[in-house]
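Per-entry structural report
Chain by chain, the residues:
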Amino acid sequence: MASGKGQGDLVEEIHVSSGGVRNDEDCENRRPLLPKPPAHTEFYSVSAAILPFFFPALGGLLYGYDIGATSGATISLKSAAFSGTTWYNLSSVQTGLVVSGSLYGALIGSILAFTIADFLGRRKELILASISYLIGALLTAAAPNFPIMVVGRFLYGIGIGLAMHAAPMYIAETAASQIRGMLISLKEFFIVLGMLLGYIAGNFYVEVVSGWRYMYATSIPLCVIMGVGMCWLPSSPRWLLLCAIQGKENLPEAKETATQCLCRLRGASSDLVSNQISLILEELSYVDEEKQVGFSEIFQGKCLKAMMIGCGLVFFQQVTGQPSVLYYAATIFQSAGFSGASDATRVSILLGVLKLIMTGLAVLVVDRLGRRPLLIGGVSGIAVSLFLLSSYYTLLKDVSYVAVIALLLYVGCYQLSFGPIGWLMISEVFPLKLRGRGLSIAVLVNFASNALVTFAFSPLEDLIGTGLLFSGFGVIAVASLVFIFFVVPETKGLTLEEIEASL
């Protein structure tokens with residue numbers, strides 16, 4: 001199977017200790033872990049892989065739906081004719097709480113995940129996320145007053161934080177290496193699909209009395225399906241084995257349970273998955289996973305390298321201006337003379353379709369081309385589009401098609417690169433004993449960076465101007481390209497244990 005580095009090169013690389021000196025005893029211990037290809041190829045059934053992906057991915061779809069629906073819900077909520085409330089005359093601060101309430105909740109959910117992730121496990125965390133989603137959606141849709149609505153938005157946001165933490169972990173730990181990249185990237189496809197459904201719901205209900213209630217209530221059945229589905233799915237076999245190695249469970253029983261779970265997840269007999277279970281146990285035993293990770297350990301050795309890769313990617317994912325570029329979408333389409341541009345919901349639907357198409361393309365090629373080519377190519381396009389937007393606002397104000405081209409280029413390149421690959425990489429690079437806490441920090445960095453860009457954009461725009469601000473985003477995009485080129489590894493075709501060994 002092709003990959004960014006040959007398996008032989010990887011085997012040779014990991015024989016070097018962290019201090020850079022080859023250790024012969026380590027070499028002997030390491031050789032059985034990484035067999036020559038194609039011995040590591042994992043058996044899987046496509047039909048068996050569908051539901052273990054689908055139910056966790058609903059957590060991403062509900063996140064995307066909230067983004068899309070809220071854009072229409074705020075219009076409906078503030079309308080004297082269609083709000084259906086006596087408290088429709090919201091201030092800018094109150095409107096901000098409605099829009100950003102789920103973001104604040106997601107930040108808290110990410111912090112909460114740091115504490116409970118390894119205790120509950122991936123499956124139970126997703127069940128908890130579905131419950132938080134459900135209560136939040138019910139409170140928001142049925143809110144009799146503004147404070148109750150804000151509480152509902154906050155609880156829904158906690159569900160977002162938990163789901164965006166646990167879903168990529170569960171999918172990564174249960175999927176075969178041959179399709180892991182495609183499935184986690186497909187979760188981003190579900191997020192974009194959710195956004196598009198939210199925009200469509202907003203457009204459908206925006207001129208209905210109390211339409212905002214229907215927009216939020218539409219997510220309730222999906223919350224229920226996600227919760228029931230996660231109750232039916234088995235636990236992550238890797239998490240079960242980690243608990244046993246750390247002394248929380250009986251090892252023989254945990255190994256038997258993990259084998260049964262992996263059989264269900266892969267649609268295979270115990271004979272076909274037993275070798276994979278043995279490889280996971282071998283790696284866990286070798287790297288002293290029985291020692292529970294302390295907070296300081298997160299920032300040492302291979303854990304630190306994984307943290308740099310994961311947090312760096314999600315940080316650059318947001319600070320290259322993704323929230324701000326979309327903020328200008330309606331204005332750019334209006335300047336180009338598009339008749340539908342005055343209707344923000346229709347512009348959002350148009351961009352949602354483009355995002356969906358480009359994310360689908362990324363899903364199809366990520367396991368063929370690899371992560372690095374998509375990141376390097378996509379982020380290069382992002383940098384070009386940002387400098388084009390900057391030139392439009394400073395030098396080419398009469399050439400509106402430049403702005404339209406730049407906007408479409410940005411959206412397309414983002415969905416080919418940072419959109420799906422950022423979430424994919426953070427679910428792959430963290431060592432198993434650190435994965436729960438490491439991923440929670442990465443998700444926290446993602447939402448915090450989003451909040452930073454969202455809240456800092458308007459003051460910076462007033463201070464230095466739109467053109468110069470987009471130039472700044474372009475410079476950051478170039479810096480992220482350097483980071484990707486020199487720091488981010490290729491993980492295509494490798495098992496999670498091989499990726500961990502390579503760090």
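Our subject is the structure listed above.
Quantities reported herein were computed from a predicted structural model and do not represent experimental measurements.

With respect to the secondary-structure elements, Thr 174 resides in helix α6 (residues 146-174). A distance of 2.7 Å separates a polar atom in the side chain of Thr 174 from the backbone oxygen of Tyr 170. Other than its neighbours up to four places away in sequence, Thr 174 contacts Ser 236, Pro 237, Leu 265 and Arg 266.

The end-to-end C-alpha distance of helix α21 (residues 466-487), which contains 22 residues, comes to 31 Å, matching closely the 32 Å that a straight helix rising 1.5 Å per residue would cover. Every buried residue of α21 is listed here: Thr 466, Gly 467, Leu 469, Phe 470, Ser 471, Phe 473, Gly 474, Ala 477, Ser 480, Phe 483 and Ile 484.

Further remarks concern the packing of aromatic side chains. Counting across every chain of the model gives 16 aromatic pairs. Aromatic pair Phe 54 and Phe 190: ring centres 6.1 Å apart, planes at 80 degrees, arrangement edge-to-face. A residue pair is termed long-range when its members are at least 10 positions apart, and Phe 54 in helix α3 (residues 46-77) and Phe 190 in helix α7 (residues 177-205) qualify at 136 residues. Taking relative accessible area as the criterion, Phe 54 reaches 30% and is therefore assigned partly exposed.

Attention now moves to the packing of helix α17 (residues 371-394) against helix α19 (residues 418-429). For the pair α17 and α19, the least separation of the axes is 10 Å and the interaxial angle reads 140 degrees. Comparing the axis directions of α17 and α19 gives the class oblique. By crossing handedness, the relation of α17 to α19 is classed as left-handed. Listed contacts from α19 to Arg 371, Leu 374, Leu 375, Val 379 and Ile 382 of α17 are Phe 418, Ile 421, Leu 424, Met 425 and Glu 428. For the contact of α17 with α19, a count of residues per class yields eight nonpolar, no polar and two charged.

Conventions adopted
Each chain has its residues counted from 1, following the order in which its sequence is written. Only residues with pLDDT of 70 or above have their local features reported here, since the model is predicted, and side-chain atom pairs are shown and tallied only from 80 upward, although totals for entire chains, interfaces and linings are computed over all residues. Note that the side-chain values use all heavy atoms of the structure and ignore hydrogens as well as water. Only DSSP runs of H or I with at least four residues qualify as helices, and only runs of E with at least two residues qualify as strands; both kinds are numbered from the N terminus onward. Any pair of N or O atoms that falls within 3.5 Å is considered a polar contact. Within protein, one atom must be able to donate a hydrogen and the other to accept it, and sequence-neighbouring residues count only if both atoms are side-chain atoms. We call two residues in contact when some of their heavy atoms are within 4.5 Å. One fewer than the residue count of a helix, multiplied by 1.5 Å, yields its expected span. Exposure categories follow from relative accessible area, calculated using a 1.4 Å probe and restricted to protein chains: below 20% of the type maximum is buried, above 50% is exposed, and the middle band is partly exposed. Two rings from Phe, Tyr or Trp (for Trp, the six-membered ring) form a pair when their centres are within 6.5 Å of each other. A pair whose planes differ by under 30 degrees is stacked, one over 60 is edge-to-face, and the rest are tilted. Throughout, an axis means a line fitted to C-alpha atoms (over the contacting stretch in the case of helices), and angles, computed between N-to-C directions, take values from 0 to 180 degrees. We call two directions roughly parallel when the angle between them is under 35 degrees, roughly antiparallel when it is over 145, roughly perpendicular when it lies between 65 and 115, and oblique otherwise. The handedness criterion is simple: a crossing whose near helix is rotated anticlockwise from the far helix by less than a right angle is left-handed, and one whose near helix is rotated clockwise is right-handed. Amino acids are sorted into nonpolar (Ala, Val, Leu, Ile, Met, Phe, Trp, Tyr, Cys and Pro), charged (Asp, Glu, Lys and Arg) and polar (every other residue, Gly among them).

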